[in-house]
Amino acid sequence: LGKTGLLPPIYNNEFMPFLKQAISPLNQIPGLFERIAEGVSDFTPSTPDIQQSAREAYEAPRTLLVRFSDDSIDETDIIGSVLSQGSYATEELVLPGTHVTPCTQDLLFETPLDILAPPIAKDLRDETRRTVLSEAKSLAYRILDFVDTVTTEPTAPQELQKDDAGT
């Protein structure tokens, strides 16, 4: 139906790729139930198991690998080498921060009681907040930039794009 031209181009170009990605995790459920039936109760895979699964099941055409400058348990090199063995485009981003930078929370938010605080306390809180959140915000903005580039690129195979254009 999508190739007949009866549906708008968004169907083939955006909806179907999104649907395929959304359904992909569901394909893992039968294997999980098989492992449970075999008596497996510990789901802490080894590094070689993770690498093998990534080689066999990973389907994202482009991936952003984020490394933090002060992360002693980083495994970006390992996953990067695994993905490079397939036909995956990867982009590596190195940012200041640690392994927990993505978990940074804004705990210095404004409250109704701030009206009672002296101005110096508000200034101190705002400066501390800017400092604490700067690395997390930098990460968020860089991820959004990456997502923007991925979503503005054509996602449909070339033959579908030609069909939609009427050629």
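Residues numbered from 1 in each chain as written. Predicted model: local features only at pLDDT ≥ 70, side-chain atom pairs only at ≥ 80, totals over all residues. Heavy atoms only, no water.

Novice: Would you mind showing me how to read the overall build of the chain here?
Specialist: Within the chain, the regular secondary structure consists of 6 helices and 2 strands. Across the chain, helices and strands are ordered from the amino to the carboxyl terminus as α-α-α-β-α-β-α-α. For the chain, with 167 residues in total, the buried portion stands at 16%. Within the chain, contacts between residues at least 6 apart in sequence are counted, and of these 74% link residues at least 24 apart. Approximately 12,600 Å² of the chain is accessible, and the part contributed by carbon and sulfur atoms is 60%. (Helix = DSSP H or I, 4+ residues; strand = E, 2+ residues; numbered from the N terminus. Buried < 20%, exposed > 50% of the residue type's maximum accessible area, 1.4 Å probe, protein only. Contact = heavy atoms within 4.5 Å. Areas by Shrake-Rupley, 256 points an atom, 1.4 Å probe, with all protein chains shown as cover.)

Novice: Looking at this structure, how should I read the side chain of R67?
Specialist: Following the sequence through the fold, R67 ends up in strand β1 (residues 62–68). Overall, R67 belongs to the buried group, its relative accessible area being 18%. Side chain to side chain, R67 and E92 meet in a polar contact 2.7 Å long. (Polar contact = N/O pair within 3.5 Å; in protein donor to acceptor, adjacent residues only side chain to side chain.)

Novice: Please explain helix α5 (residues 119–152) as it appears in this structure.
Specialist: Because each turn of an α-helix spans 3.6 residues, side chains separated by three or four positions in sequence point in the same direction. Bending of α5 peaks at approximately 50 degrees at the position of S134. Considered for burial, the residues of α5 that qualify are R125, D126, L133, A136, L139 and F146. On its buried face, α5 is in contact with β1 and β2 (89–95). (Bend = angle between axes of the 7 residues up to and from the residue.)

Novice: I keep staring at the side chain of R125 and nothing clicks. Help me out?
Specialist: Within the secondary structure layout, R125 lies in helix α5. Contacts of R125, omitting those with residues within four sequence positions, involve L108, F109, E110 and D114.

Novice: Would you mind showing me how to read the environment of L32 here?
Specialist: Mapped onto the secondary structure, L32 falls in helix α2 (residues 29–37). Looking at L32, the relative accessible area reads 37%, which means it is partly exposed. Spatially, the C-alpha atom of L32 lies 9.6 Å from that of F43, the residues being 11 residues apart in sequence.

Novice: Mind showing me how you'd approach the nonpolar core here?
Specialist: Considering soluble globular proteins, one finds that nonpolar side chains tend to be buried as a cluster. Counting 6 residues, the largest nonpolar core consists of L64, F68, L93, L95, L139 and F146. Broken down by secondary-structure element, the contributors of at least two residues to this core are β1, β2 and α5. In contact with F146, not counting residues within four places along its chain, are R62, T63, L64 and E91. (Core = buried A, V, L, I, M, F, W, Y, C linked by side-chain atoms within 4.5 Å.)

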